[in-house]
Amino acid sequence: MEMTLRWYGSKFDTVKLWQIRQIPGVTGVITMLYDKQPGEVWHQDEIHALKEEVEAAGLKIAGIESVNVSDAIKVGTAERDQHIANYIESLENLGKEDIHLVAYNFMPVFDWTRTELARVRPDGSTVLAYTQEAVDAIDPEKMFESISGEMNGTVMPGWEPERMAHVKELFEMYKDIDEEKLFENLVYFLKAIMPVCNKYDIKMAIHPDDPAWSVFGLPRIITNKENLLRMMKAVDDVHNGITFCTGSLGTNLGNDLPDIIRSLPGRIHFAHIRNLQFHSPTNFEESAHLSSDGTFDMYEIVKALYDIGFEGPIRPDHGRMIWGEVAMPGYGLYDRALGATYINGLWEAIDKASKRGI
Ligand SMILES: [Mn+2]
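Residues numbered from 1 in each chain as written. Predicted model: local features only at pLDDT ≥ 70, side-chain atom pairs only at ≥ 80, totals over all residues.

Asks: When you look at the overall build of the chain in this model, what are you seeing that I'm missing?
Replies: Of regular secondary structure, the chain possesses 14 helices and 12 strands. What you see for the chain is a C-alpha radius of gyration of 19 Å, in line with the 21 Å of a compact globule of 358 residues. Principal axes of the C-alpha set define a box for the chain whose edges measure 55 × 50 × 40 Å. Expressed as a percentage of its 358 residues, the buried residues of the chain come to 42%. Expressed as a percentage of contacts within the chain between residues at least 6 apart in sequence, the contacts between residues at least 24 apart total 74%. (Helix = DSSP H or I, 4+ residues; strand = E, 2+ residues; numbered from the N terminus. Rg over C-alpha atoms; globule rule 2.2 N^0.38 Å. Buried ≥ 20, exposed ≤ 12 C-beta atoms within 10 Å, placed from the backbone. Contact = placed C-beta atoms within 7 Å.)

Asks: When you look at the pairing of strand 5 (residues 116-120) in this model, what are you seeing that I'm missing?
Replies: Looking at chain direction, strand 5 and strand 6 (residues 126-131) are connected through 3 bridges and run antiparallel. Across the sheet, the residue bridging to Glu116 is Ala129, located in strand 6. (Pairing = 2+ DSSP bridges.)

Asks: Is there a simple way to explain the sheet that holds strand 5 in this structure?
Replies: Hydrogen bonds between backbone groups are what pair the strands of a sheet, and the pairing can be parallel or antiparallel. Spatially, the 4 strands line up as an open sheet ordered 5-6-11-10, and their pairing is antiparallel. Whereas interior strands pair on both sides, the edge strands pair on one side only; in this sheet they are strand 5 and strand 10 (275-280). Within this sheet the neighbouring strands show an average axis-to-axis angle of 40°, counted without direction. In this sheet, strand 11 (residues 283-287) lies alongside strand 10 in antiparallel orientation, the contact comprising 5 bridges. (Axes fitted to C-alpha atoms, helices over the stretch in contact; angles between N-to-C directions.)

Asks: Even after reading the chapter, I still don't get unusual backbone geometry, so can you show me in this structure?
Replies: A cis amide bond links Glu65 with the next residue in sequence, Ser66, at an omega value of -5°. Along the chain, the position of Ser66 falls in the loop between strand 3 (60-65) and helix 3 (71-75). That bond from Asp210 to Pro211 is cis: its omega, 0°, falls within 30 degrees of zero. Examined against the element boundaries, Pro211 turns out to sit in the loop between strand 7 (203-207) and helix 10 (225-234). Of note, Trp323 is a non-glycine position whose phi angle comes to about 55°, a positive value. For Trp323, the position within the fold is in the loop between strand 12 (313-316) and helix 14 (334-355). Judged by local crowding, Trp323 falls into the exposed class, with 11 C-beta atoms found within 10 Å.

Asks: When you look at the sheet that holds strand 4 (residues 101-105) in this model, what are you seeing that I'm missing?
Replies: The sheet built from 8 strands closes into a barrel, its strands ordered 1-2-3-4-7-8-9-12 with parallel pairing. This sheet shows a mean twist of 30° between the axes of neighbouring strands, independent of strand direction. Against the sheet, helix 2 (residues 44-56) contacts strand 2 (26-31) and strand 3, and its axis sits at roughly 135° relative to strand 3.

Asks: Sorry, what's going on with the environment of Ala304 here?
Replies: Turning to its location among the elements, Ala304 is positioned in helix 13 (residues 298-307). Between the C-alpha atoms of Ala304 and Trp18, which are 286 residues apart in sequence, the distance is 32 Å. When neighbours within four sequence positions are excluded, Ala304 is seen to be in contact with Pro258, Ile261 and Arg262.

Asks: Any chance you could explain helix 13 here in plain terms?
Replies: Every α-helix winds through 3.6 residues per turn, so residues three or four apart in the chain are directed the same way. Restricting attention to buried positions, one finds in helix 13 the residues Met298, Ile301, Val302, Lys303, Ala304 and Leu305. Close packing links the buried residues of helix 13 with helix 11 (246-249), helix 12 (257-262), strand 9 (268-273), strand 10 and helix 14. After helix 13 finishes, the residue Gly309 shows a positive phi value of roughly 80°.

In structure tokens, the structure reads:
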């Protein structure tokens, strides 16, 4: 296991590399070229410059989150093959720069959905939250407007104003796409990129849908154990793997997180760990990472990752906004640093107990 933090680049992130370097046990960052639109080629010199910047701060690039997949690829439009060719070129350039992990998602229109970005908890911290009632009451085209005021002036991944300006057209593109068609398009994409992934040993790690059910009538396919296993089988190559995100798969209380981890040995390449506190099955908020602050048993989750021999990067996923910090919602320094330290503590205890045969 390698402890990491997501970093949005010096142009966009309020958190600095030198600050990340001071979190005990954090050795790498998960980052990307944030100026790139889905479908564009990532050039080797651009990747190289990013890598040099990170390494100059005493850290390494542990993986890319994300090389985004364009809507043309997800829908399967006429532009799809050109965008896949560009994606392959980007992977090739990442491979040449010795980067071997790429996260991505296959969610239509919205990358992830929350209805509040700053719900106040009893201790005064603020967190991202979701209520189905709020989603049902809102016109999807107004979704961006409704939450953009809470973004603290930042640009949140998947909610770029340029994309959101075309949200009506995006919905139109997906109108004939059901879950089967979306799955077929995912398999088409994966089969096309597997040769370059094999050549450079690049592990692809799909991020689960968040929340793990259909939102605004859009299809969702990466939602549970059955679908994950189906995807693994459809392209049975170690480079076709998963970002195990507790906060996304865990939105569905029917998902047994440690059990899903144990069913995917060798195919989980990256882990996002956060906790959620549920008020009802469709009303939840993100909590501190600690088991007792939310619904998930973090010990059991980390233990399952340990037991399957997980060797990839972990990053504490969204954290609370605490201690007066102003940052991108979910991506402040302080609570993620606490999360990293807590997860490192769990890992150390599990590792030592295991080696002593306890
Ligand atoms: Mn995640």
